[in-house]
Amino acid sequence: MTASLSIKHMNYHKNRQAILTDVNLTLATGKIVALLGANGAGKTSLMRVIAGLAKNYRGEVAVAGKTELAQRKKVLAFNENLQGFSKSEKLANILSFYVAVYPDFDEERFNQLQEFMDLDLNQRLGQLSRGIKAKLVIALTFSRQVPLYLLDEPFSGIDVMSRKKIINSILLWKGEEATILLSDHFVDEIAQVLDEVVIIKERTILCHVPADQIRERGETVSTYYEAQYEEDM
Amino acid sequence: MEFKDNIPIYLQIEQYLYRQIVQGQLPAGTKIPSVRRLAVDLTVNVNTVQRALQQMNANGILITKRGEGNFVTEDEVLLAKTKQHLLDMELQRFTEQMRQLGVKRNHLVEILTHYLEEHIDDR
């Protein structure tokens, strides 16, 4: 079976500075994987390289077997921060944009997600609280049906109830074969839904382990993660 | 449900379901909720639920009927064994706690009998 994501010997430089060095990572289908790392370790850069937004990298990046940029973008969904839209834009117009741009956008699925998340399409983007905006982004992202979902810090700055709602919608709407890579700088809130943990440190991948394998040794995912960073403190 | 983060989640899901079976929320012969339903109710990953159910299928406590889902066994011997297993776990925990409090094994029965006599009206 083709892996959802396969990265081989990938290096990424920006303004002559190394951002990511010799990254190797393979994710199987149907997994929920956390990408953990301190701020500045390279989480967002890695997401952007996979998503095809950061282009000047060397090495191989394949999503569901597709390496070519345009092909790759069709088989992944990245949770965008909606920065391209004006604050006065109505949510209904943002939806129309998504429907027009992504052939795999499933409106029926969006309606279900919208109802589940209690989103009002008559509202304007600028009116939304952080929690509601995060829910909108998740609804838009999961209305696409792709093998790989990239969620860059989907829970940052939102309240517990919104977080629960988002986690539940992931569990409900994730296709069986779809893999989710989500980044965060702490893990407690999502630990119990994870299949695997990838820790990034100093511009490369330090380790990639099944979450229950960590627990089988009597450790918690968060102490394990902290231990990888401890020597610096 | 609250999970402990230092014990594999699939083991905790198994324990949760064993309890539901023994306590009668999931009696012998009933269909258990779908994998996805359990995942959402417990806020855990579908793969983790599947792993727990596979284990319970292997133990015979759950029986998969093709296209219908998973059912609790009607094998009374197996159900009794499951109950005994849960009781043993509680007793082991109790014994260990008492040991840490300095109670010797041969005093446990005496202490417990005394406690039960004192608290005869407790439910």
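Just so you know, these numbers come straight off a predicted model, no measurement behind them. (Residues numbered from 1 in each chain as written. Chains lettered and ligands numbered in written order. Predicted model: local features only at pLDDT ≥ 70, side-chain atom pairs only at ≥ 80, totals over all residues. Heavy atoms only, no water.)

Trainee: Describe the sheet that holds strand β4 (residues 57-63) of chain A, naming the residues involved and giving the relevant values.
Mentor: All names here are of chain A. One open sheet accounts for 3 strands, arranged β2-β1-β4; its pairing is antiparallel. With partners counted over all chains shown, the strands left at the sheet margins are β2 (17-27) and β4, one partner each. Put simply, the sheet's adjacent strands are angled 20° from each other on average, direction ignored. Looking at chain direction, strand β1 (residues 5-14) and β4 are connected through 6 bridges and run antiparallel. What sits directly across from S6, in β4, is A62. Running over the sheet, helix α1 (residues 43-51) touches β1, β2 and β4 and is turned about 115° from β1. (Pairing = 2+ DSSP bridges. Helix = DSSP H or I, 4+ residues; strand = E, 2+ residues; numbered from the N terminus. Axes fitted to C-alpha atoms, helices over the stretch in contact; angles between N-to-C directions. Contact = heavy atoms within 4.5 Å.)

Trainee: Talk me through the packing of helix α4 (residues 76-100) of chain B against helix α5 (residues 108-118) of chain B; I want residue IDs and the actual numbers.
Mentor: Residues and elements named next belong to chain B. Orientation of α4 relative to α5, taken along the N-to-C sense of each, is 100°, at an axis distance of 12 Å. Classified by the interaxial angle, the pair formed by α4 and α5 is roughly perpendicular. Together, F94, T95 and M98 of α4 and L108, I111 and L112 of α5 make up the contact between the two elements. For the contact of α4 with α5, the residue count by class is 5 nonpolar, 1 polar and no charged. (Parallel < 35°, antiparallel > 145°, perpendicular 65-115°, else oblique. Nonpolar A, V, L, I, M, F, W, Y, C, P; charged D, E, K, R; others polar.)

Trainee: Quick rundown of the nonpolar core? Include the residues and the values.
Mentor: Ranked by size, the top nonpolar core spans 85 residues in total, and within it A:L5, A:M10, A:L46 and A:I50 carry the most contacts. If you tally residues by element for this core, the top one is helix α5 (residues 130-142) of chain A, at 7 residues. Contact partners of A:I50, with chain neighbours within four places excluded, come to A:L5, A:I7, A:V61, A:V63, A:R72, A:L76, A:L148, A:L150 and A:L181. Ranked by size, the runner-up nonpolar core spans 24 residues in total, among them B:I21, B:L26, B:I32 and B:L42. (Core = buried A, V, L, I, M, F, W, Y, C linked by side-chain atoms within 4.5 Å. Buried < 20%, exposed > 50% of the residue type's maximum accessible area, 1.4 Å probe, protein only.)

Trainee: Which residues make up the interface of chain B and chain A, and what values go with them?
Mentor: On the chain A side, the residues contacting the 18 residues of chain B number 23 residues. When chain B packs against chain A, close to 1,600 Å² is buried across both sides, 45% of that on carbon and sulfur atoms. Counting across the chain B and chain A interface gives 2 salt bridges. The salt bridge involving B:R51 is made with A:E216; its shortest N-O contact spans 3.6 Å. Counting across the interface, chain B meets chain A through 13 residue pairs in polar contact (both at pLDDT 80 or more). (Buried area = accessible area lost by both parts, 1.4 Å probe. Salt bridge = Lys/Arg side-chain N within 4 Å of Asp/Glu carboxyl O. Polar contact = N/O pair within 3.5 Å; in protein donor to acceptor, adjacent residues only side chain to side chain.)

Trainee: Talk me through a nonpolar patch on the surface; I want residue IDs and the actual numbers.
Mentor: On the surface, a cluster of nonpolar side chains totalling about 550 Å² of accessible area is made up of B:L87, B:L91, B:F94, B:L112, B:Y115 and B:L116. As for its placement among the helices and strands, B:L87 is situated in helix α4. (Patch = residues over 30% accessible without salt bridge, like charges linked within 9 Å, V, L, I, M, F, W, Y side chains within 5 Å. Areas by Shrake-Rupley, 256 points an atom, 1.4 Å probe, with all protein chains shown as cover.)

Trainee: Describe in detail the packing of aromatic side chains, supporting the description with residues and values.
Mentor: Under the defined criterion, the tally for this structure stands at 8 aromatic pairs over all chains. Geometrically, the ring pair formed by A:F105 and A:F110 is tilted, given 6.0 Å between the ring centres and 40° between the ring planes. The buried category is assigned to A:F110, whose relative accessible area is 1%. Of the aromatic side chains, those joined through ring pairs into one cluster are A:F85, A:F97, A:Y98, A:Y102, A:F105 and A:F110. It is A:K201 that lies over the ring of A:Y229; its NZ or CZ is 5.5 Å from the centre. Directly above the ring of B:Y10 sits B:R51, whose terminal nitrogen or CZ lies 3.7 Å from the centroid. (Phe/Tyr/Trp six-rings, centres within 6.5 Å; stacked < 30°, edge-to-face > 60°. Lys NZ or Arg CZ within 6 Å of the ring centre and 35° of its normal.)

Trainee: How would you sum up the pattern of salt bridges? Please name residues and give values.
Mentor: For side chains bearing opposite charge, pairing can occur when the charged atoms are close. If you walk through the whole model with that rule in mind, you get 11 salt bridges over all chains. A:R144 serves as the salt-bridge partner of A:D104, at 2.9 Å between the closest nitrogen and oxygen. Of this pair, A:D104 sits in the loop between α3 (91-101) and α4 (107-117) while A:R144 sits in the loop between α5 and β6 (148-152), and the two are 40 residues apart along the sequence. For A:R144, a relative accessible area of 5% puts it in the buried group. A salt bridge links B:E96 to B:R99; the shortest N-O distance between them is 3.0 Å. In this pair, B:E96 and B:R99 both sit in helix α4, 3 residues apart, roughly one turn of the helix. The partly exposed category is assigned to B:E96, whose relative accessible area is 31%.

Trainee: Could you give an account of the sheet that holds strand β3 (residues 32-36) of chain A, naming the residues involved and the relevant values?
Mentor: Residue and element names in this part refer to chain A. Spatial ordering of the open sheet is given by β5-β6-β7-β3-β8-β9, a layout of 6 strands whose pairing is mixed. Unpaired on one side and paired on the other, β5 (76-78) and β9 (204-210) mark the two borders of the sheet. Pairwise comparison of adjacent strand axes, ignoring direction, gives a mean angle of 15° for this sheet. In terms of strand pairing, β5 meets β6 through 3 bridges, oriented parallel. In the strand pairing of β6, F78 is matched with L150. Against the sheet, α1 touches β3, β5, β6, β7 (179-184), β8 (196-201) and β9, its axis set at about 150° to β6.

Function cannot be read off these values alone, since they describe shape.
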